[in-house]
Amino acid sequence: MALEELLAPAGSYDVLVIAVNAGADAVYIAGQSYGARAYAKNFTMEEIEKAVHYAHLNGAKVHVTVNTLINNFEITDVLKYLFKLYQIGVDAVIVQDFGLIWLLKTFIPDLEVHASTQMGLNNYPSFKWASKNNIKRVVLPREVDINQIKETHDRLEKDNIDMDIEVFGHGALCYCVSGKCYMSSYNSGRSGNRGACAQPCRREYRLKYRGYNIGNGYLLSTHDLATYNNLQAISDAGVKSLKLEGRMKSGDYIGTIVNSYRNLIDGNEGDYKKDLHLVFNRNFTNGYMMGDKPGEVMGRGHSGHEGLYIGDITNIEDTKVTIEIKNKEIPVILEPGDGIAFKYNGKIKGIYLENIIKQDENEIIIDTTRLVKVGTEVFISYSKSTHDYLKQFEKETIKNNVPISLSLTWDESLNLFTKVEYYLDDELINFRHKCMDKFEKAKNKPVTEDIIENQLKKTGGTPFYIENIRFNNMPKDIFIPIREINQIRREILENAETLLLNHYTPTKKAVKEVRKNLTKFFEDYSAFKGKTKKKTPKLSIFIDDLSQIKAASGFDLKRIYFDGNCHYNNPKDYFENIKDTLKKGSLMAAPTEFVWVLSSFITEEDAIRCNEIIKELENEGILVSVMGDFPGMNEIFDCPIYGNHNLNVWNSFCVHDLNASGFKSLILSSELSGEEIKELVMRNHDRNIDLEMIVNGNLEVIVSKDDFTNLNDGKDFIISNDADYAILEDKKRKKFKYKVFFDYNRQSHIINKDCLCLIEEMNEIKEMGLDSLILDCRYSDEKYTSQILSIYNDSLKNIDDEELAKYKYQIMDFSQSYINKGNYIEGRLHEAK
């Protein structure tokens, strides 16, 4: 199997040691800042250095996640941190922020960059963009299927683009496409994009439709991904790296999954599939990648660990309990010390086994005083023997993993010169060693080739093993003490190890050059006294129904963003009707610019179809622009391109990078505070791009591939009526009610329970130098649109704060939900300021 890299997670140094020892080719870790797991223990700088050292000696690599979004106040610190990682010899950094991509390409181009899954690069044009931006590897969203992966890989080869593909192979799945979720951020101030997700998707919900309760349970909870049955297909699709998920997990968990996948990839015999079921999992799915449908990916029954199903209790006599084996696919042999769980009526109780009376392939009889009932399902949740087996991976050991060749030559004076050669990453490393002690003429017992070879081959505790030794004209009858031969070996191996570690770190010259450029950048960055450009922003609106355009007439708007994606149940209807709708909308909106909002996470095929429609309209004299969410759109579209909110624009360098890739305007992230927005706008050098901000609306918190099929009782939820929606209600916090809409691809869009309303902040916001302030009026009606427009239009005039406060109460009266100020005042609440 050609899967080149098994990539394991580690939340601490001890776990990294386990992962490397168990057979990971690479490990991804985070420092104490900027990694998307803020609550993991994570690594200090000293520990990162130690980890890189340990991994490199064992032939493994270390990738560091710097995959949170960065505001302008943090740019200097992040770059200093990245510079340190570069000096240490980290093999790659995993990045989400488009601004960091530009900064790395500009200042530390030799540090390998991998695009995090949260960047959401899911189609070929975005891969081409990545390649131009010095990105060496793309971590694909978990929603991309295996055929798309194969096609992408083949096209990269055909276009001669050297780009690695990495996919998730095992572990927890994010409910939201590509992990671009805002539910936690907007409702608890804990941002998933800053590594602090509160995991609201693992809570219990009710789904309601027109007042009826149609589903209960862990409705947004996914099963865990497991691809152990599909490794060949994944390899054949051109995937370079299989990523295991779990930086918050224990050493036991990591040891088990790495050991299992290592052996499965290498084709070894053993109980590895069984072991995977015994560590924490929420039952397994093959994932969207392998073609599982949403109802198969979702685990709506529970969000915890059960273990591997064995069978059911069929008989109880006193303390003797008979379990009939039902799971013939993965047979289990129980041993004293194993943990088993009894599940009855959804409740789970566990015991450690002491007494096994009998077991064969049909039944197991155990002795237990635990109160259980006939019909109870039985799971094994802990294997003592597996646990004991894993202990071997805890100790730091250096494996002999690098073959080395020696060529020994003596001169007339009996001096020994050794030529040493080995390869690292296809690069030849070589040096010469001169023995300080001379050989002498033997008095009685001469040393032989065999004796020398025997001593030189003792390379234990080093990364090397001797592959071959050549003796060139070795004089006869010479002598040297064994301890001197051992000294030669030690010197050679020490030198080889130093060169091995140096191979991964940049040269002094390269470091000096990077330091010089960064120092200049830091000076300029801190000395920069930006001025906010004086300009009065215009209003723009998001609508989903053409009737709302009537409400907009008479107002001087910058743009009307039309999102009709949730008005159709299937692509056929959508593409048959959308052209006429756009034509009508554009004529109604004139002279205001009319912008077509494309579906989130659109495929390249759909994007090409959309561009054809735009060209047809252009031929009829109708000009329509587009709004989308992936870099590389300019490869497809000839019209003006605007960036949607889920591009996550957090800093001025992100603006710069996306502007260079063809975007004419960008919506700043609604996760930012007012202070962060001010700083971004002030530092933005790009004058030919509009910056926009959403100031009012129920924001989209999740886009998911889930279509709410296979609810708990196996029923599917299908809305036949276009533009209708369901309500998702948090079971414990009943005020948390979210609207759920479905687009033509059957993706669900979950809309926040509260409405963002920044009317009271408008005097401050309109001075920030933004080009446009957006009112999100989707999923409302003409009356609501006209009321909101009228209030915000007034707020652009000279109006005092008291008047704005009155407007807030007016909005509260006709708003469809509670209103709040989002992250504008305090940013993300949980963060240490």
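One can find the structure itself at the top, above this paragraph.
## Regarding the packing of helix 2 (residues 45–57) against helix 3 (residues 75–88)
Part 1 of the reasoning: Where helix 2 meets helix 3, the axes come as close as 10 Å, and the angle between the chain directions of the two elements is 30 degrees. In terms of orientation, helix 2 lies roughly parallel with respect to helix 3. Read as a crossing pair, helix 2 and helix 3 show a hand that is right-handed. On helix 3, the residues touching Met-45, Ile-48, Glu-49 and Val-52 of helix 2 are Tyr-81, Lys-84, Leu-85 and Ile-88.

## What to know about the sheet that holds strand 35 (residues 737–742)
For sheets, the rule is that strands pair by backbone hydrogen bonds, running either parallel or antiparallel.
Part 1 of the reasoning: Spatially, six strands are ordered 9-8-34-35-36-33 in an open sheet, and the strand pairing comes out antiparallel. Every interior strand has two partners, whereas the edge strands, strand 9 (212–217) and strand 33 (700–704), have only one. Each neighbouring strand pair of the sheet contributes to a mean axis angle of 25 degrees, computed without reference to strand direction.
Part 2 of the reasoning: Relative to strand 36 (residues 748–751), strand 33 is paired through four bridges, and the arrangement is antiparallel. By the bridge assignment, Ser-704 is partnered in strand 36 with Ser-748.

## Here we look at the environment of Gln-747
Part 1 of the reasoning: Here Gln-747 is to be found in the loop between strand 35 and strand 36.
Part 2 of the reasoning: Sequence-wise, Gln-747 and Val-177 are 570 residues apart; in three dimensions their C-alpha atoms are separated by 9.3 Å.
Part 3 of the reasoning: Leaving out residues up to four positions away in the same chain, Gln-747 has contacts with Val-177, Ser-599, Ser-600, Phe-601, Val-703, Ser-704, Asp-706, Phe-741 and Phe-742.
Part 4 of the reasoning: Looking at Gln-747, its side chain comes within polar contact range of the side chain of Asp-743, at 2.9 Å.

## A word on the layout of surface pockets
Part 1 of the reasoning: Estimated volume of the second largest pocket: approximately 680 Å³.
Part 2 of the reasoning: Lys-61, Asp-91, Glu-112, Asp-425 and Tyr-504 are the residues nearest the centre of the second largest pocket, which is lined by 25 residues in total.

## Considerations on the nonpolar core
Nonpolar side chains tend to gather and get buried jointly when the protein is soluble and globular.
Part 1 of the reasoning: By size, the foremost hydrophobic cluster in this structure holds 228 residues, and its most contacted members are Leu-16, Ile-48, Leu-82, Val-93, Trp-596, Phe-637 and Phe-708.
Part 2 of the reasoning: In terms of residue count, the dominant contributor to this core is helix 3 (nine residues).
Part 3 of the reasoning: Contact partners of Ile-48, with chain neighbours within four places excluded, come to Ile-29, Gly-31, Phe-43, Val-64, Tyr-81, Leu-85, Ile-88 and Val-90.
Part 4 of the reasoning: By size, the runner-up hydrophobic cluster in this structure holds 33 residues, among which are Val-420, Leu-456, Ile-488 and Leu-493.

## Topic: the side chain of Asp-707
Part 1 of the reasoning: You can see Asp-707 is positioned in the loop between strand 33 and strand 34 (726–730).
Part 2 of the reasoning: For Asp-707, which is buried and forms no salt bridge, the nearest opposite charge comes from Arg-746, at a distance of 5.1 Å.
Part 3 of the reasoning: A distance of 2.6 Å separates a polar atom in the side chain of Asp-707 from a polar atom in the side chain of Thr-709.
Part 4 of the reasoning: Apart from residues lying up to four places away in sequence, Asp-707 is in contact with Pro-294, Phe-717, Phe-742 and Arg-746.

## Concerning empty space enclosed by the protein
Part 1 of the reasoning: Per the stated rule, a full pass over the model turns up 11 cavities of 30 Å³ or more.
Part 2 of the reasoning: The space that makes up the largest cavity amounts to roughly 140 Å³.
Part 3 of the reasoning: Lining the largest cavity are 18 residues, with Ser-670, Ile-694, Leu-699, Leu-756 and Asn-823 positioned closest to its centre.
Part 4 of the reasoning: Class assignment of the residues belonging to the lining of the largest cavity gives a composition of 10 nonpolar, six polar and two charged.

Cut-off values and rules
- Residues numbered from 1 in each chain as written.
- Predicted model: local features only at pLDDT ≥ 70, side-chain atom pairs only at ≥ 80, totals over all residues.
- Heavy atoms only, no water.
- Axes fitted to C-alpha atoms, helices over the stretch in contact; angles between N-to-C directions.
- Helix = DSSP H or I, 4+ residues; strand = E, 2+ residues; numbered from the N terminus.
- Parallel < 35°, antiparallel > 145°, perpendicular 65-115°, else oblique.
- Left-handed = near helix turned anticlockwise from the far one by under 90°.
- Contact = heavy atoms within 4.5 Å.
- Pairing = 2+ DSSP bridges.
- Polar contact = N/O pair within 3.5 Å; in protein donor to acceptor, adjacent residues only side chain to side chain.
- 1 Å grid on protein atoms, 1.4 Å probe; cavity = no way out; pocket = protein on both sides within 12 Å on 5 of 7 lines; lining within 4 Å.
- Points joined across faces, edges and corners; volume = space filled by probe spheres on them.
- Core = buried A, V, L, I, M, F, W, Y, C linked by side-chain atoms within 4.5 Å.
- Buried < 20%, exposed > 50% of the residue type's maximum accessible area, 1.4 Å probe, protein only.
- Lys, Arg positive; Asp, Glu negative; His and termini not counted.
- Salt bridge = Lys/Arg side-chain N within 4 Å of Asp/Glu carboxyl O.
- Nonpolar A, V, L, I, M, F, W, Y, C, P; charged D, E, K, R; others polar.

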